[in-house]
Amino acid sequence: MADTIELLEAIGRDASLRHATADALAAVLERAKASHALTAAAATGDSAHLKKEFDYRLDHVTQSSQTFPIML
Amino acid sequence: MVASLSIPSEGNARGSIACVGLGMTLGSHLTPLARSHIEQADVVFAGVSDAVVEKWLQRMHGDVRSLQPYYGEGKPRSDTYQEWVDLMMAEVRAGKKVCGVFYGHPGVFAWSPHKVIEVARAEGYQAHMEPGISAEDCLYADLGIDPGSHGCQHFEVNQFVLCKRQVDPTAHLVLWQVAMLGIPSVSRSDAPAAYRQLLVDRLSRDYPLEHQVTIYRAATLPVERPRIRKVALRDLPTTPMTPEETVVLPPAKAVERDEDFIRQVEALDKIYKAPVPA
């Protein structure tokens, strides 16, 4: 199975992959032997499919509200 | 071909801090200089958008320390942010070359990077911020907004509601972290509808309730698309939102000419742009 982080980085920096249709990207990933999770995420545009593969924790959004640190 | 260039390492180097941005989308936005700061650091602290992005960062450096565990439900975010500064400064004082990595831009909606640079400089350490592509940058591209066309106001939502801010309804209005209204800590769910009704009450002074607003989230993974939803202002309280989503209100009124200043400019034109005699 291909490395998911490497594939994500490759998609992120390639103009044709980054803007490919979901179907086209999923087909490319299948040929590249990507994980089922990544292929499903690409096919649906929903990164929630990657949760299981990465033992995904739901992160808090960083760089959150500035008012409370300033005002309180 | 460029020859290999390098600065000789100094013995007994003092600590330093660089705060850099990863940009919003994994693999798409990281600048060469930000990557270099990460790779050349002794220790990297990470305040990024999700666990996948953090794992990507771990491929760039062997000592990446997540800042996520310092958040806590019910714990004031201000406490968390101060702890982040203390953690980074402890390594700077120990003589380490420290890199603080934050998603987006490290200086936009980010208290700790600004603070740690201020503290480091006050103590005589070298400190630097390297910009990144922020959610605001992505918003302009994805929503097709040019802040130069009508102007654009930005407010963090709590400051907008809790303080007497002046709204210009002839410009775009961008409200950040609307789901965090009234929440001084962190939360897995957004604020009750009653809090967001206060926001709608405030906005209704300047906008009609049927005004169409956009709820926006930038893509953080390259298999995602931006999330863009449109709702009427009146429906904002009951529309589920996540903390990273942003609310954008387009202008509700046309700009008005200021005839007094126009006359003054015309008077100056007569002085400075008069035809030169032949």
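Heads up: the structure comes first, above all this text.
This one's a predicted model, so the numbers in the text were calculated from it and none came from an experiment. (Residues numbered from 1 in each chain as written. Chains lettered and ligands numbered in written order. Predicted model: local features only at pLDDT ≥ 70, side-chain atom pairs only at ≥ 80, totals over all residues. Heavy atoms only, no water.)

Student: Residues and numbers for the packing of helix α3 (residues 22–31) of chain A against helix α4 (residues 36–44) of chain A, please.
Tutor: Residue and element names in this part refer to chain A. Look at α3 against α4: their axes get within 7 Å of each other, and the N-to-C directions meet at 165°. Accordingly, the angle class assigned to the pair α3 and α4 is roughly antiparallel. Crossing angle aside, the handedness with which α3 passes α4 is right-handed. Facing α3, whose interface residues are Ala22, Leu25, Ala26, Leu29 and Glu30, α4 presents Leu38, Thr39, Ala42 and Ala43. Residues that form the contact of α3 with α4 fall into these classes: seven nonpolar, one polar and one charged. (Axes fitted to C-alpha atoms, helices over the stretch in contact; angles between N-to-C directions. Helix = DSSP H or I, 4+ residues; strand = E, 2+ residues; numbered from the N terminus. Parallel < 35°, antiparallel > 145°, perpendicular 65-115°, else oblique. Left-handed = near helix turned anticlockwise from the far one by under 90°. Contact = heavy atoms within 4.5 Å. Nonpolar A, V, L, I, M, F, W, Y, C, P; charged D, E, K, R; others polar.)

Student: Hey, could you go over the sheet that holds strand β10 (residues 246–249) of chain B for me, with residue numbers and the actual values?
Tutor: All names here are of chain B. Read across the sheet, five strands follow the order β6-β7-β10-β8-β9 without closing on themselves; strand pairing throughout is mixed. Each edge of the sheet is formed by a strand with only one pairing partner; in this case those strands are β6 (152–156) and β9 (227–232). Ignoring strand direction, the axes of neighbouring strands in this sheet form an average angle of 20°. Looking at chain direction, strand β8 (residues 212–217) and β9 are connected through six bridges and run antiparallel. The residue bridging Gln212 from the neighbouring strand is Ala232, located in β9. Taken strand by strand, helix α5 (residues 135–143) contacts β6, β7 (172–176), β8, β9 and β10, and its axis lies near 125° from that of β8. (Pairing = 2+ DSSP bridges.)

Student: Describe in detail the sheet that holds strand β2 (residues 43–47) of chain B, supporting the description with residues and values.
Tutor: All names here are of chain B. Pairing is parallel in the open sheet, where five strands are placed in the order β3-β2-β4-β1-β5. Among the strands making up the open sheet, the edge pair consists of β3 (64–66) and β5 (126–130). Taken over all neighbouring pairs, the strand axes of this sheet differ in orientation by 20° on average, direction set aside. In the sheet, β2 pairs with strand β4 (residues 97–102) via five bridges, with the strands oriented parallel.

Student: Give a detailed account of the side chain of B:Glu130, specifying residues and quantitative values.
Tutor: Mapped onto the elements, B:Glu130 comes out in strand β5. Buried charge without a salt bridge: B:Glu130, with B:Arg121 as the nearest opposite-charge side chain at an N-O distance of 9.9 Å. (Buried < 20%, exposed > 50% of the residue type's maximum accessible area, 1.4 Å probe, protein only. Lys, Arg positive; Asp, Glu negative; His and termini not counted. Salt bridge = Lys/Arg side-chain N within 4 Å of Asp/Glu carboxyl O.)

Student: For the packing of aromatic side chains, give the residues involved together with the corresponding values.
Tutor: Residue and element names in this part refer to chain B. Applying the stated criterion across every chain yields a total of six aromatic pairs over all chains. When the centroid spacing of 5.4 Å and the interplanar angle of 75° are considered together, the rings of Tyr71 and Trp84 count as edge-to-face. Here the residue Tyr71 occupies a position in the loop between β3 and α3 (77–93), and Trp84 occupies one in helix α3, the gap between them amounting to 13 residues. Overall, Tyr71 belongs to the buried group, its relative accessible area being 8%. Ring centres of Phe109 and Trp176 lie 5.5 Å apart, and the angle between their planes is 45°; on these two criteria the pair is classed as tilted. Remark: Trp176 occurs in strand β7 and Phe109 occurs in the loop between β4 and α4 (111–122); sequence separation between them is 67 residues. With relative accessibility at 9%, the residue Trp176 sits in the buried group. An aromatic cluster of three or more residues is present, and its members are Tyr71, Tyr81, Trp84 and Phe102. (Phe/Tyr/Trp six-rings, centres within 6.5 Å; stacked < 30°, edge-to-face > 60°.)

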